[in-house]
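Observations on the model geometry
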Amino acid sequence: MSKELNYRPEIDGLRTIAILGVIIFHLNPALLKGGFLGVDVFFCISGFLITTIIYRQVREQRFSFLGFWKRRFKRLYPALVFVVTVTMAIGLFVLPQPERGALPMLAASALFSFANILLWRTTDGYWSPASENISLLQTWSLSLEEQFYFFFPMFIFLCYIFAREKIGKLTFALFVLSLLLCVYLTDNYRSAAFYLLPTRMWELLIGGLLAIYGSPFPRAWRSAGIATFIHLAGLVLIVTSYFTIGNNEEFPGYYPLVPCIGTFLLLALRSERSLVTRLLSMRPCVYTGKTSYSLYLWHWPIFVYAYYITPNP
């Protein structure tokens, strides 16, 4: 976590809940039909952390676009480049055609942050049977986040210059516009609504709004009982979404609001006395959360290649 932020171990614990949902879903969707919503939890966390850094540095007039993007590159790209390289090397021997022929372009899209756009244009959607054989399918969400890292600092910087007192309101307007666009496009352009930044940005902006406005909860609510109740409500929303929201024609639409609101509740009220905070801050949860990026990168190509290598899928 950036030096700009006070470390919160429970956020790493929250990342554990997110990555476990994704991995279990990809292992067997019947076990956790909405586990893919762990990606939406990641979006909300990322929006909160990144906006906290950007907004603080912009207000203190020490923000640097080059410095920000350089830090993002150093954090994300070494692991991404390694995974893409290994996936390419193995895929050229393991994958059949046409998946093998499509792999170089997909690898390039992952490295240059347009995998989500490529998948939108070249597949029948995330849920199509053919997508199960795309060994770098998971990079769609990474490309979307990297596009957010490119666009959102510019938005905040320009707002600060031309409408300093309205940064929060303008960010909220962007959130509403993105959510409405997502709901509208889901009906007729579902793949675009799923893959593209304009229709998924609102999930990152939920965390971003928290970073700009601060917690809506008074300090008195940080007592063990009240904080535990609010955190439990957030946890229930996330876990319930994993079990009840599945792939249907109305997704994404407004469905990601459920895990995102749950994530918001867990992020917005910081209390070390909360039972949920203590559970999420346990060493196994924190460790898994800290490795969640690597787990996310590696798990999907392993699952795809295991299908081709093992005699019994």
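Here we take up the overall build of the chain. A count of helical and extended segments in the chain gives 14 helices and zero strands. Computed over C-alpha atoms, the radius of gyration of the chain comes to 19 Å, within 12% of the 20 Å expected from 2.2 N^0.38 for 313 residues, which places it in the range of a compact globule. Restricting to contacts in the chain with at least 6 residues of sequence separation, those with at least 24 account for 79%. Total accessible area on the chain stands at roughly 15,100 Å², and carbon and sulfur atoms take up 67% of it. A distance of 12 Å separates the average location of the 26 positive side-chain charges in the chain from that of its 16 negative side-chain charges.

Before going further, it helps to spend a moment on the environment of Ser113. Following the sequence through the fold, Ser113 ends up in the loop between helix 4 (99-111) and helix 5 (115-122). Distance in space between the C-alpha atoms of Ser113 and Arg72 is 13 Å, their sequence separation being 41 residues. When neighbours within four sequence positions are excluded, Ser113 is seen to be in contact with Tyr77, Ser143, Glu146 and Gln147. A polar side-chain atom of Ser113 sits 2.9 Å from a polar atom in the side chain of Tyr77.

Counted by the stated rule, this structure contains seven salt bridges. The partner of Glu60 in a salt bridge is Arg62, with the nearest N and O atoms 2.5 Å apart. For Glu60, a relative accessible area of 45% translates into the label partly exposed. Assessed through its relative accessible area of 41%, Arg62 is described here as partly exposed. Each of Asp40, Arg200 and Glu203 takes part in a single network of salt bridges with overlapping partners.

The end-to-end C-alpha distance of helix 4, which contains 13 residues, comes to 18 Å, matching closely the 18 Å that a straight helix rising 1.5 Å per residue would cover. If you look at helix 4, its biggest bend is around 25°, right at Met105. Regarding helix 4, the residues found buried are Glu99, Leu103, Leu106, Ala107, Ser109 and Ala110. Where helix 4 is buried, its residues contact helix 3 (65-94), helix 5, helix 6 (139-162) and helix 14 (292-309). Once helix 4 finishes, Ser113 follows within two positions and takes phi at roughly 65°, a positive value.

Turning to the packing of helix 3 against helix 4, a few remarks are in order. For any two helices packed against each other, the geometry is given by the interaxial angle and the distance between the axes. At a minimum axis distance of 10 Å, the contact between helix 3 and helix 4 shows a crossing angle of 175°. Considered as vectors, helix 3 and helix 4 are oriented roughly antiparallel to each other. Counted together, Tyr77, Leu80, Val81, Val84, Thr87, Met88, Gly91 and Leu92 of helix 3 and Arg100, Leu103, Pro104, Ala107, Ala110 and Leu111 of helix 4 form the full contact between these two elements.

Below, the discussion takes up the packing of aromatic side chains. By the definition in use, this model includes 32 aromatic pairs. Ring geometry for Phe36 and Trp127: centres 4.8 Å apart, planes at 75°, overall edge-to-face. With Phe36 in the loop between helix 1 (9-27) and helix 2 (38-59) and Trp127 in the loop between helix 5 and helix 6, the pair connects residues that are 91 residues apart, well separated along the chain. Both rings, one in Phe194 and one in Tyr195, keep their centres 5.1 Å apart while their planes meet at 85°; by these two values the pair is edge-to-face.

Rules behind the numbers
Counting restarts for each chain: residues are numbered from 1 in the order of the written sequence. Predicted model: local features are reported for residues with pLDDT of at least 70 only, side-chain atom pairs are reported and counted for 80 or more only, and whole-chain, interface and lining totals are derived from all residues. Side-chain descriptors were evaluated using all non-hydrogen atoms of the structure, hydrogens and water having been removed beforehand. Segments assigned H or I by DSSP are reported as helices when at least four residues long, segments assigned E as strands when at least two residues long, and all are numbered from the N terminus. Radius of gyration here uses only the C-alpha atoms, and the compact-globule reference equals 2.2 Å multiplied by the residue count raised to the power 0.38. Here a residue-residue contact requires only that any non-hydrogen atoms of the pair lie within 4.5 Å. Residue-level accessible areas treat just the shown protein chains as cover; the underlying method is Shrake-Rupley with a 1.4 Å probe. Positive charges come from Lys and Arg alone, negative charges from Asp and Glu alone, with His and the N- and C-terminal ends not counted. Here the site of a charge means NZ on Lys, CZ on Arg, CG on Asp, or CD on Glu. Polar contact is defined as a pair of N or O atoms within 3.5 Å, subject to the rule that within protein one atom must be able to donate a hydrogen and the other to accept it, and that residues adjacent in sequence are counted only when both atoms are side-chain atoms. The rule for a salt bridge is simple: a side-chain nitrogen of Lys or Arg has to be within 4 Å of a carboxyl oxygen of Asp or Glu. Burial classes: relative accessible area under 20% of the type maximum marks a residue as buried, over 50% as exposed, and values in between as partly exposed (1.4 Å probe, protein chains only). Every helix has an expected span of 1.5 Å times one less than the residues it contains. In this analysis the local bend is the angle between axes fitted, respectively, to the seven residues ending at and the seven residues starting at the residue. A fitted line through C-alpha atoms serves as each axis, taken over the contacting stretch for helices, and the angle formed by two N-to-C directions is quoted from 0 to 180°. Roughly parallel refers to an angle under 35 degrees, roughly antiparallel to one over 145, roughly perpendicular to one between 65 and 115, and oblique to any angle outside these ranges. Here a Phe, Tyr or Trp ring, Trp counted by its six-membered ring, pairs with any other such ring whose centre lies within 6.5 Å, and the pair is stacked when the planes are under 30 degrees apart, edge-to-face when over 60, and tilted otherwise.

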